[in-house]
Amino acid sequence: MPQEPQVPAATKTRAFEAIVSHIENQVLNGDLKIGDRLPGERELVAQFEVSRSSVREAMRVLESNGIIASRPGDPRGAVVLPPASAPLRKMISRLATTSASSLADLLIYRMTMESSANSLAAIRRSDADLLKLEKAMARMRAARLQSQSAFSQADLDFHDVIAQASGHALLQITGEAVRQSIEQLITSSIEQSADDEALMQRTVDHHQEVFLAIQNQDAHLAEHLARSSLFEYYGHLLNEDDRSALAALASFGQRKKSS
């Protein structure tokens, strides 16, 4: 019979954190597997030598983080859930929208994520993915006649389809979070443009280039277009030092024209 895992002593001040940390570690190292049940409340109180309120707070935190699911009064204890993307997406969105993340940081991160997504989509895309991209392009063209917010959302939807076509789950999650965090910048850029129609047409033309690169499975071009277009749209909002750094990143990998 396997030995009971050693339970760390919980301090009186932050007792629930010791419980949360212990259970998270058990899930990470495989001692607790998907579908396993935690001990009941009374047993956890005895194991950790804490109050019922500390155990209940620990269960609330674990459930909020998507690690367990519990029902009030269920004597069998909470059940361990499979990994979920929502907590990670929420955390990344929160980090991206804090003052700690500058516009330059967000753009560098988005350049990295979207260039990778474009490249992978060009390699892995299916005929069904191309059809979804065509439909997304059609929505963008239609949105030009609706509103700036509708156009911005259609723009984001196009990139979401590319992220899905990449087949990389983390790129989908992180890319979506960062794109949403600067969605307002897309609308703002259109609002500040002297010619809204011209800017939206340029955006549609760029997305058509990306679509063709993915259709032709030109991963190199698809990757470069992601970086260069982001710099083209938002580079003017940066200070000189940041603009120089992002210009170098935007031009990286650019094919030289033959003379």
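Quick caveat: nothing in here was measured; it's all calculated off a predicted structure. (Residues numbered from 1 in each chain as written. Predicted model: local features only at pLDDT ≥ 70, side-chain atom pairs only at ≥ 80, totals over all residues. Heavy atoms only, no water.)

Caption draft 1: Main features of the overall build of the protein chain. Along the protein chain, the regular secondary structure elements total twelve helices and two strands. Listed N to C, the secondary structure of the protein chain is α-α-α-β-β-α-α-α-α-α-α-α-α-α in terms of helices and strands. Residues classed as buried in the protein chain amount to 39% of the 259 residues present. Expressed as a percentage of contacts within the protein chain between residues at least 6 apart in sequence, the contacts between residues at least 24 apart total 72%. Of the accessible surface of the protein chain, which amounts to about 14700 Å², a share of 53% is contributed by carbon and sulfur atoms. (Helix = DSSP H or I, 4+ residues; strand = E, 2+ residues; numbered from the N terminus. Buried < 20%, exposed > 50% of the residue type's maximum accessible area, 1.4 Å probe, protein only. Contact = heavy atoms within 4.5 Å. Areas by Shrake-Rupley, 256 points an atom, 1.4 Å probe, with all protein chains shown as cover.)

Caption draft 2: Broad picture of the side chain of Asn118. For Asn118, the location among the structural elements is in helix H5 (residues 103-124). Residue Asn118 is classed as buried on the basis of its relative accessible area of 3%.

Caption draft 3: The packing of helix H2 (residues 41-48) against helix H3 (residues 52-64), seen in detail. Contact pair H2 / H3: the axes reach a minimum separation of 9 Å and the direction vectors enclose 110°. When the axes of H2 and H3 are compared, the pair comes out roughly perpendicular. Only Arg52, Val55, Arg56 and Met59 of H3 make contact with H2, whose side of the interface consists of Glu41, Arg42, Leu44 and Val45. When grouped by side-chain class, the residues that make up the contact of H2 with H3 number four nonpolar, no polar and four charged. (Axes fitted to C-alpha atoms, helices over the stretch in contact; angles between N-to-C directions. Parallel < 35°, antiparallel > 145°, perpendicular 65-115°, else oblique. Nonpolar A, V, L, I, M, F, W, Y, C, P; charged D, E, K, R; others polar.)

Caption draft 4: Layout of the pattern of salt bridges. One pass over the full model with this rule turns up eight salt bridges. A salt bridge links Arg56 to Glu41; its shortest N-O distance comes to 2.9 Å. On the criterion of sequence distance, the pair formed by Arg56 in helix H3 and Glu41 in helix H2 is long-range, its members being 15 residues apart. In this structure Glu41 comes out as partly exposed when scored by relative accessible area, which is 26%. Glu197 is the partner of Arg144 in a salt bridge, and the nearest nitrogen-oxygen pair spans 2.1 Å. (Salt bridge = Lys/Arg side-chain N within 4 Å of Asp/Glu carboxyl O.)

Caption draft 5: Seen up close, the side chain of Thr203. Summarising the element assignment, Thr203 is placed in helix H10 (residues 196-215). Take Thr203: its relative accessible area is 5%, and that puts it in the buried class. At 3.3 Å, the side chain of Thr203 and the side chain of Tyr233 are in polar contact. Look past the residues within four positions of Thr203 in its chain and what remains in contact with it is Met140, Phe151, Asp155 and Tyr233. (Polar contact = N/O pair within 3.5 Å; in protein donor to acceptor, adjacent residues only side chain to side chain.)

Caption draft 6: Representation of helix H11 (residues 219-234). Helix length check: H11 (16 residues) gives 23 Å between terminal C-alpha atoms against 22 Å at 1.5 Å per residue, within 8%. Where H11 is concerned, the buried positions are Ala219, Ala222, His224, Leu225, Ala226, Arg227, Ser229, Leu230, Tyr233 and Tyr234. (Expected span 1.5 Å × (residues − 1).)

Caption draft 7: Expanded view of the environment of Gly35. Here Gly35 lies in the loop between helix H1 (15-28) and H2. Beyond its immediate sequence surroundings of up to four residues, Gly35 is in contact with Val79 and Val80.

Caption draft 8: Fine view of H10. The end-to-end C-alpha distance of H10, which contains 20 residues, comes to 28 Å, matching closely the 28 Å that a straight helix rising 1.5 Å per residue would cover. Among the residues of H10, Leu199, Met200, Thr203, Val204, His206, His207, Val210, Phe211, Ala213 and Ile214 are the ones counted as buried. Positive phi appears at Gln217, one or two residues downstream of H10, with a value of about 55°.

Caption draft 9: Broad picture of the packing of helix H7 (residues 148-166) against H10. Between H7 and H10, the least distance of the axes is 12 Å, while the angle of their chain directions is 10°. With respect to H10, the element H7 is oriented roughly parallel. On the side of H7, the interface is formed by Gln148, Phe151, Asp155, Phe158, His159 and Ile162, while H10 contributes Asp196, Met200, Thr203, Val204, His207, Val210, Phe211 and Ile214. By residue class, the composition of the contact of H7 with H10 is eight nonpolar, four polar and two charged.

Caption draft 10: A look at unusual backbone geometry. In this model, Glu49 sits at a positive phi of 55°, which is unusual for a non-glycine residue. Structurally, the position occupied by Glu49 is in the loop between H2 and H3. In this structure, Gln217 takes a positive phi of about 55° despite not being glycine.

Caption draft 11: Examining the nonpolar core more closely. Grouped together as the largest cluster of nonpolar side chains are 26 residues, with contacts concentrated most on Leu133, Met140, Phe151, Phe158, Ile162, Val210 and Ile214. Listed by contribution, the elements that provide at least two residues to this core are H5, helix H6 (127-143), H7, H10 and H11. Setting aside anything within four residues of it in sequence, one finds Phe158 in contact with Leu133, Ala136, Met137, Met140, His207, Val210 and Phe211. Counting residues in hydrophobic clusters, the runner-up holds 20 residues, among them Ile23, Phe48, Val50 and Val55. (Core = buried A, V, L, I, M, F, W, Y, C linked by side-chain atoms within 4.5 Å.)

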